[in-house]
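Residues per chain, in single letters:
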Amino acid sequence: MHSVKIKIINDSGYDLPAYETPSAAGMDVRAAIKEPIVLQSLERVLIPTGLRVQLPQGYEMQIRPRSGLALRNGISLVNTPGTVDADYRGEIKVILINLSKEPFVINPGERICQMVITTYTKVEWEAVTEIDHTKRGDGAFGHTGTN
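Rules used in this analysis
Residues numbered from 1 in each chain as written. Predicted model: local features only at pLDDT ≥ 70, side-chain atom pairs only at ≥ 80, totals over all residues. Heavy atoms only, no water. Helix = DSSP H or I, 4+ residues; strand = E, 2+ residues; numbered from the N terminus. Rg over C-alpha atoms; globule rule 2.2 N^0.38 Å. Buried < 20%, exposed > 50% of the residue type's maximum accessible area, 1.4 Å probe, protein only. Contact = heavy atoms within 4.5 Å. Areas by Shrake-Rupley, 256 points an atom, 1.4 Å probe, with all protein chains shown as cover. Lys, Arg positive; Asp, Glu negative; His and termini not counted. Charge placed at Lys NZ, Arg CZ, Asp CG, Glu CD. Pairing = 2+ DSSP bridges.

Student: Hey, could you run me through the overall build of the protein chain in this one?
Tutor: Across its full length, the protein chain holds one helix and 11 strands. Relative to the globule expectation of 15 Å for 147 residues, the C-alpha radius of gyration of the protein chain, 19 Å, shows a markedly less compact shape. With respect to the three principal axes, the spread of C-alpha positions in the protein chain is 55 × 40 × 30 Å. Per-residue burial for the protein chain yields a buried fraction of 30% across its 147 residues. Put simply, of all contacts in the protein chain between residues at least 6 apart along the chain, 71% involve residues at least 24 apart. For the protein chain, the exposed area adds up to about 10700 Å²; of that, 51% sits on carbon and sulfur atoms. Averaging the locations of the 16 positively and 17 negatively charged side chains of the protein chain gives two centres separated by 5 Å.

Student: Would you take a moment to explain the pairing of strand S9 (residues 93-98) for this structure?
Tutor: The two faces of the sheet receive side chains in turn, since in a regular strand these alternate between them. One ladder, built from five bridges, connects strand S4 (residues 44-48) with S9; its direction is antiparallel. Residue Leu 46 lies in a different strand from S9, and its bridge partner there is Ile 95. For strand S7 (residues 75-77) and S9, the ladder comprises three bridges, and the chain directions are antiparallel. Directly across from Ile 75, in S9, lies its bridge partner Asn 98.

Laid out in structure tokens, this is it:
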């Protein structure tokens, strides 16, 4: 495990995202809203975080659901994981969705998602007419059975 310094502008009015435990990979992100928002069943809403970052080249930020909100309240992200690219400089916003049957209230400063900063690999495509064969071959969904 290594660390990297990342420049951040925090206009949220809340503390910076932080790791809740020593081995946590994700940092909780809070809703930068002034008043509660009621998210109805199957409704989605764009929630501001008040955060803008300058990621180093070769890094990305992934925005992921919080498992507790998902389990207890059916709250997830529409585009999970969301990706923030190194050249994006706008405010990070989160598309929340309520997959439960009950309305859910998003309160100001509530932890709504988590962010993970990670490196990525750039691909250079090599166009060919044939690729290696494997035992699996082109077996797709469910090809190994249900048991």
